[in-house]
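Results of the structural survey
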Amino acid sequence: MPALNESGSVADVIAQVNASMPGIDILVVDDGSVDQTAQLAREAGARVARLSVNLGVGGALRTGFRYAVARGYDVVVQVDADGQHDPEELKALLSGLEEADIVIGSRFAGKGSYKASGPRKYAMVALSLVFSRLAKTKLTDVTSGFKAMGPRAIRMFAEYYPAEYLGDTVESLVMAIRGKLKIAEVPVVMGERVAGTPSHSPVKSAVYLGRAGLALLLALIRRRPATDSSDSA
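This write-up is about the structure you can find in this document.

The rules behind each value
- Residues numbered from 1 in each chain as written.
- Predicted model: local features only at pLDDT ≥ 70, side-chain atom pairs only at ≥ 80, totals over all residues.
- Heavy atoms only, no water.
- Salt bridge = Lys/Arg side-chain N within 4 Å of Asp/Glu carboxyl O.
- Helix = DSSP H or I, 4+ residues; strand = E, 2+ residues; numbered from the N terminus.
- Buried < 20%, exposed > 50% of the residue type's maximum accessible area, 1.4 Å probe, protein only.
- Phe/Tyr/Trp six-rings, centres within 6.5 Å; stacked < 30°, edge-to-face > 60°.
- 1 Å grid on protein atoms, 1.4 Å probe; cavity = no way out; pocket = protein on both sides within 12 Å on 5 of 7 lines; lining within 4 Å.
- Points joined across faces, edges and corners; volume = space filled by probe spheres on them.
- Nonpolar A, V, L, I, M, F, W, Y, C, P; charged D, E, K, R; others polar.
- Contact = heavy atoms within 4.5 Å.
- Polar contact = N/O pair within 3.5 Å; in protein donor to acceptor, adjacent residues only side chain to side chain.
- Pairing = 2+ DSSP bridges.
- Right-handed = clockwise from strand over helix to strand, strands pointing away.

To continue, consider the pattern of salt bridges. What the rule picks out here adds up to four salt bridges. In this structure, E89 engages K111 in a salt bridge whose closest nitrogen and oxygen atoms are separated by 3.2 Å. Placement of the pair is E89 in the loop between β4 (76-78) and α4 (90-96) and K111 in the loop between β5 (102-106) and α5 (118-135), with a sequence separation of 22 residues. By relative accessible area, which is 6% here, E89 ends up buried. Here R107 and D141 are joined by a salt bridge, their closest N and O atoms 2.7 Å apart. Separated by 34 residues along the polypeptide, R107 in the loop between β5 and α5 and D141 in the loop between α5 and β6 (147-149) bring together distant segments of the chain.

Another point: the packing of aromatic side chains. Per the stated rule, a full pass over the model turns up four aromatic pairs. Aromatic pair F65 and F157: ring centres 5.4 Å apart, planes at 50 degrees, arrangement tilted. Separated by 92 residues along the polypeptide, F65 in helix α3 (residues 56-70) and F157 in helix α6 (residues 151-159) bring together distant segments of the chain. When the centroid spacing of 4.9 Å and the interplanar angle of 85 degrees are considered together, the rings of F157 and Y161 count as edge-to-face. By relative accessible area, which is 2% here, F157 ends up buried.

Next up on the list: the layout of surface pockets. One number sums up the size of the second largest pocket: a volume of about 480 Å³. Taken together, 25 residues line the second largest pocket, and the ones lying closest to its centre are D25, I26, L27, V76 and V77. Elements with a minimum of two residues in the lining of the second largest pocket: β2 (27-31), α3, β4 and α4. Classifying every residue of the lining of the second largest pocket gives 21 nonpolar, two polar and two charged.

Moving on, we get to the environment of D168. Tracing the sequence through the fold places D168 in helix α7 (residues 167-178). Look at D168 and you get buried, because its relative accessible area is 15%. In the structure, D168 is positioned 106 residues away from R62 in sequence and 9.3 Å away in space, judged by C-alpha atoms. Beyond its immediate chain neighbours, meaning those up to four positions away, D168 contacts V57, G58, L61, K147, Y161 and P162.

Turning our attention to the side chain of T143. Turning to its location among the elements, T143 is positioned in the loop between α5 and β6. A polar atom in the side chain of T143 sits 3.3 Å from the side chain of R107.

Below, the discussion takes up the pairing of strand β3 (residues 47-51). Of the strand pairs in this sheet, β2 and β3 are connected by five bridges, and their pairing is parallel. Pairing of V28 across the sheet is with V48, part of β3. What joins β2 to β3 is helix α2 (residues 37-43), and the crossover it makes is right-handed.

Following this line, the structure appears as structure tokens:
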């Protein structure tokens with residue numbers, strides 16, 4: 001659970017996750033917060049990894065994947081700390097791992113009423129078309145941060161996980177496809193954040209389409225050291 005200044009929601013999200021999946025281990029990666037995010041997360045029963053500086057979502061997630069590998073976890077679920085992701089959907093994500101290495105919770109696959117607008121909508125549609133072709137399966141929400149990942153994906157992302165803008169969605173999926181990981185999607189309900197400040201301001205939304213396209217182009221042309229993501233690693 002990557003978190004930056006989410007003191008208004010993190011405790012409630014942890015409580016909801018615990019209610020939906022009793023006994024699950026929760027790690028909150030506090031990405032350089034200046035509020036009480038870390039303290040409230042601990043009080044709510046989560047383990048907390050505090051980053052001394054803000055690394056962005058990608059850097060926070062990389063910390064989480066390395067934590068998972070070090071402790072032998074073979075399943076990781078990414079949940080936002082702002083309340084947008086419904087913990088009741090966790091079981092649907094996890095069930096998808098029976099057939100896939102990465103399962104994306106999609107806002108646009110026929111469940112719920114979440115809608116995007118403006119440049120973000122066009123970017124999401126364009127990216128979904130490109131990734132559906134690359135992954136050879138229909139994907140409708142490739143920028144979703146609500147994901148479940150199995151052992152092959154965990155090992156790959158612990159070794160390298162992109163921290164650049166949109167790297168946690170666009171480049172990480174390109175990596176997964178190149179590594180021959182199977183990607184699937186399940187419909188989920190998502191809402192608006194319940195507290196805090198949205199990560200995308202109106203100005204950022206206005207340039208989202210161009211930056212998303214650039215991020216995809218760079219991800220496609222960038223070469224990474226070969227990694228062994230096989231089950232025998």
